[in-house]
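# Descriptive analysis of the structure
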Amino acid sequence: MAEYKCYVCERPVKTGEKFTFTKKGGVHMDCFVAERRKEIQPEKAEQLRVLSQILDSELQHLINILAVQGVPEDMKEKVRLKYKDIEKAAGDTTRMISEL
Ligand SMILES: [Zn+2]
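What this report covers is the structure whose coordinates are included nearby.

Cut-off values and rules
Residues numbered from 1 in each chain as written. Predicted model: local features only at pLDDT ≥ 70, side-chain atom pairs only at ≥ 80, totals over all residues. Helix = DSSP H or I, 4+ residues; strand = E, 2+ residues; numbered from the N terminus. Buried ≥ 20, exposed ≤ 12 C-beta atoms within 10 Å, placed from the backbone. Contact = placed C-beta atoms within 7 Å. Pairing = 2+ DSSP bridges. Core = buried A, V, L, I, M, F, W, Y, C linked by C-beta atoms within 7 Å. Arc of directions from axis to C-beta. Expected span 1.5 Å × (residues − 1).

## Structural notes on the overall build of the protein chain
- In terms of regular secondary structure, the protein chain is built from 3 helices and 4 strands.
- When the helices and strands of the protein chain are listed from N to C terminus, the series reads β-β-β-β-α-α-α.
- Taken along its principal axes, the extent of the C-alpha atoms in the protein chain is 50 × 25 × 20 Å.
- Counting all 100 residues of the protein chain, 15% fall into the buried class.
- For the protein chain, the proportion of contacts with a sequence separation of at least 24, taken over those separated by at least 6, is 46%.

Here is the structure:
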């Protein structure tokens, strides 16, 4: 996996860490949620709580797919498409959190 730097804490994002992408670049999920928590109106806090739990489970799902061992050569494309689906879902959730 390519090396990304988190734009909040400025540490590199390591494989197996939960991270996402916004317009500003790559960011740890925890850094992103903490930053948004400071920026949003207090009445949006419940929405942030729910969306961040959904994002957490989507990013965990991505990590779990990457951890699947011994994928046969003729299945690699299927697994890649499954990964892409979840990645897209996580991207949508990230966008929703960005727009709170
Ligand atoms: Zn970070």
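## Thoughts on the pairing of strand β3 (residues 19–22)
- Two strands pair when backbone bridges link them, and β3 and strand β4 (residues 25–28) are joined in this way by 4 bridges, in the antiparallel orientation. Along β4, the bridge assignment pairs Thr22 with Gly25.
- In this structure, the hairpin formed by β3 and β4 is closed by a connection of 2 residues.

## Some words on the nonpolar core
- Grouped together as the largest cluster of nonpolar side chains are 10 residues: Val13, Phe19, Val27, Met29, Phe32, Val33, Leu55, Leu59, Ala90 and Ile97.
- Among the secondary structure elements, those contributing two or more residues to this core are α1 (29–39), α2 (45–66) and α3 (76–98).
- Residue contributions to this core peak at 3 residues, all from α1.
- Ignoring any residue separated from it by four or fewer positions in sequence, one finds Val33 in contact with Leu48 and Ser52.

## Focus: unusual backbone geometry
- Of note, Glu10 is a non-glycine position whose phi angle comes to about 65°, a positive value.
- Here Glu10 lies in the loop between β1 (4–5) and β2 (12–13).
- Given 8 C-beta atoms within 10 Å, Glu10 falls into the exposed group.

## Notes on α1
- All of the buried residues in α1 are Met29, Phe32 and Val33. Along the axis of α1, the buried residues cluster in a sector spanning 95°; they form a single face.

## A word on α2
- Its 22 residues give α2 an end-to-end C-alpha distance of 31 Å, which sits within 8% of 32 Å, the value for a rise of 1.5 Å per residue.
- Listing the buried residues of α2 in full gives Leu55, Glu58 and Leu59. Burial along α2 is one-sided: seen end-on, the buried residues are contained in an arc of 95°. Exposed side chains of α2 directed beyond 90 degrees from the buried face belong to Glu46, Arg49, Val50, Gln53 and Asn64.
- Elements in contact with the buried residues of α2: β3, α1 and α3.

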